[in-house]
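# A closer look at the structure
If you want the building blocks of each chain, they are given just below.
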Amino acid sequence: MKMQALYQSTKTDNTYRLLEVVSKEHKCKCDQIPPAYPCENEKLVFIAVEGKKPDKKVVAFCKDLTPARAKNVAFLVVSSSGPEVADTLKDIVKSQGVNPVGDVFDCRVKGGLFGVGKVTDSDLNNVKAWAKKIVDSLTD
């Protein structure tokens, strides 16, 4: 299946770490948003974002998606508060005719006393299982 894994670049690299696991498992490109090469006829695009509000680059990327570029999009959110940011992005891709697929992967990362939190090995295993479920739902 033709797919890409795209992430919002952040200081923590949490979005990259999650999608790197997904891209290795499903043998697809992993790139930051905006990607070096635009999506073209992808059956699935994973998009990972971090924080409470969508980044301007991510919003612009989602507004540029069309069914000719991506049929389905699955969202991962890394935050300390919840996956609400994905609702805005889902609405954007839906308005472009692209199908948001599956549940949003909600990775709660809380900062510690001396800095920002990091994704755990458990988070990486959970995202792998989530991505497999999404991919399997599209190959049936």
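Residues numbered from 1 in each chain as written. Predicted model: local features only at pLDDT ≥ 70, side-chain atom pairs only at ≥ 80, totals over all residues. Heavy atoms only, no water.

## Structural notes on the environment of leucine 76
- Secondary-structure assignment places leucine 76 in strand 4 (residues 70-79).
- Separated by 31 residues in the primary sequence, leucine 76 and cysteine 107 have C-alpha atoms spaced 7.5 Å apart.
- When residues no more than four places from it in sequence are discounted, the contact partners of leucine 76 are Leu18, Leu19, Phe46, Ile47, Ala48, Val49, Phe105, Val127 and Trp130. (Helix = DSSP H or I, 4+ residues; strand = E, 2+ residues; numbered from the N terminus. Contact = heavy atoms within 4.5 Å.)

## Overview of the pairing of strand 4
- The element strand 4 is largely enclosed, with a buried count of nine among its 10 residues.
- Examined bridge by bridge, strand 3 (residues 42-50) and strand 4 share eight bridges and lie parallel to one another. Residue pairing across strands places isoleucine 47 opposite phenylalanine 75, the latter belonging to strand 4.
- Considered for its hand, the β-α-β crossover made up of strand 3, helix 2 (residues 56-64) and strand 4 is right-handed.
- Inspection of the sheet shows strand 4 paired to strand 5 (residues 99-100) by two bridges, in the parallel sense. Bridging from a neighbouring strand, valine 73 pairs with proline 100 of strand 5.
- Viewed along the sheet, the connection from strand 4 through helix 3 (residues 85-95) into strand 5 turns out right-handed.
- Pairing geometry for strand 4 and strand 6 (residues 105-108), over four bridges, is parallel. Bridging from a neighbouring strand, valine 78 pairs with cysteine 107 of strand 6. (Buried < 20%, exposed > 50% of the residue type's maximum accessible area, 1.4 Å probe, protein only. Pairing = 2+ DSSP bridges. Right-handed = clockwise from strand over helix to strand, strands pointing away.)

## Section: the confidence of the model for the chain
- Across the chain, pLDDT averages 92, with 95% of residues at or above 70.
- Across the chain, element-level confidence peaks in strand 5 with a mean pLDDT of 97 and bottoms out in strand 6 with 93. (pLDDT = per-residue confidence, 0-100.)

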